[in-house]
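Residue-level listing of the chains:
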Amino acid sequence: MVTQNKRLYFIDAMRAWAILMMLQGHFIDGLLDPVFKDATNTAYTTWRYFRGITAPVFFTVSGFIFTYLLLRAPRQGRENPRIRKGLKRGVQLILIGYLLRTNLFGILQGTLYPSFFLVDVLHCIGISLLVVIGFYWVASRWNVRLLAPLLLISGLALFLFEPLYKTWDYSWMPEALANYFTRANGSVFTLIPWVGYTLLGGFLSMAFRKYRQDRYLYLKSIAFCLIAGTLLIRYASPFFHWAWEHTGIALFNKIVSNNYLFMRLGDVFLVFAVFMLLRGLMKSEVFLRIGQNTLSIYVIHFIILYGSFTGLGLYQFFHHTLTPAVAIPGALAFMGLCTWAALWYDRNESRIKTKVAGAWAHSKALLSDVGQRLFRAGKTRLSQLSQYFNWGPGR
């Protein structure tokens, strides 16, 4: 029997795998010389395919674990304490996303560079969590079970109608807002369709929880993921082509011409199957700690690679200049460095926060003392000038 409180180690391992894949993907894609990005090279095409799986897995797992915790809370409905935590987390991710794109030198000149307003993975996941909470809030008014169809239908709709809304013109919006919907200005991710993976991850979480007491839960889940993944990868495009031929609906034909969303969803199902199958090997504390510190790892990697705050990062110095002989070991070292730094921070977080708080309090006291001294000195000097020029009442 699978108990309610049993930890889902395979989810921690998936989160760890996804963040490490993201690190090496960003490193190699940004620093490897384009001359080595040969589409006929088997090693490169294999790497590129697996890199393409990373973001869908990351978004789906984020939705899965967030919804799982939301539904595991002791109080359900609008009194659920996870609502407040989720709102705080979602806003926090959005703010961190903007903070990482801040250039201090530009701010000192009174300028916010256009890159500050670009949308990245943290913005999208933050808003995705807020959307899940919104659906949960609406569903809880009648029955929390309504959350499952809301998540499923919304996620599939975002995938189905992607050929339509990706052609819409968002130029009428302020650029900072338009960046959430179009990549035309340089955004890496957009809300649509990527929120769809988070919503579908939430739906999978609800299905998983519904049958959590089934002694064959993992066996059935692995079988379902293998079948669903295979069908989506191999037969989604033929199905939409058949639907177009028999209905004449042009949307189905447009899906066939670029059916990456459903195929990547199939990849996500296969990744779920693999990690559930190997879950017995994934109870190591290393997987657990990496999976719990994905945000810290992401922040550290962004600062080192892209030069948050200063503009001085590896990307600025080695952009598209490295050979595979340097890029591959460099990526491994980069993954190790970011992970070590994040885990070190996790171990010493309370001590670091105490020291920072103490330093901040000391600085405020020092500034206050200096301010008082300056005020008293200024007051004394003003009094001396007043006496010198015979200033006073009635003069």
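Each value, and the rule that gives it
Residues numbered from 1 in each chain as written. Predicted model: local features only at pLDDT ≥ 70, side-chain atom pairs only at ≥ 80, totals over all residues. Heavy atoms only, no water. Helix = DSSP H or I, 4+ residues; strand = E, 2+ residues; numbered from the N terminus. Buried < 20%, exposed > 50% of the residue type's maximum accessible area, 1.4 Å probe, protein only. Contact = heavy atoms within 4.5 Å. Areas by Shrake-Rupley, 256 points an atom, 1.4 Å probe, with all protein chains shown as cover. Salt bridge = Lys/Arg side-chain N within 4 Å of Asp/Glu carboxyl O. Axes fitted to C-alpha atoms, helices over the stretch in contact; angles between N-to-C directions. Parallel < 35°, antiparallel > 145°, perpendicular 65-115°, else oblique. Left-handed = near helix turned anticlockwise from the far one by under 90°.

Draft legend 1. Structural context of the overall build of the chain. From N to C terminus, the chain includes 17 helices and 0 strands. C-alpha extents for the chain along the principal axes are approximately 100 × 55 × 50 Å. Put simply, the chain has 395 residues, and 43% of those count as buried. Across the chain, every contact between residues at least 6 apart in sequence was considered, and the portion connecting residues at least 24 apart equals 78%. Of the roughly 22100 Å² of accessible surface on the chain, a fraction of 65% belongs to carbon and sulfur atoms.

Draft legend 2. Seen up close, the pattern of salt bridges. Throughout the structure, instances matching the rule amount to 6 salt bridges. For Asp 29, the salt bridge is made with Arg 51, and the minimal N-O distance between the two is 3.8 Å. Taken together, the positions of Asp 29 in helix 1 (residues 9–31) and Arg 51 in helix 2 (residues 42–72) put the pair 22 residues apart, joining distant regions of the chain. Taking the relative accessible area as the measure of exposure, Arg 51 reaches 28% and is therefore partly exposed.

Draft legend 3. Layout of the packing of helix 10 (residues 217–247) against helix 11 (residues 250–257). Direction vectors running N to C along helix 10 and helix 11 enclose 155°, while the axes themselves pass 8 Å from each other. In terms of their interaxial angle, helix 10 and helix 11 are classed as roughly antiparallel. Here helix 10 and helix 11 pass one another in a crossing that is left-handed. On the side of helix 10, the interface is formed by Ser 237, Phe 240, His 241, Ala 243, Trp 244 and Thr 247, while helix 11 contributes Ala 250, Phe 252, Asn 253, Ile 255 and Val 256.

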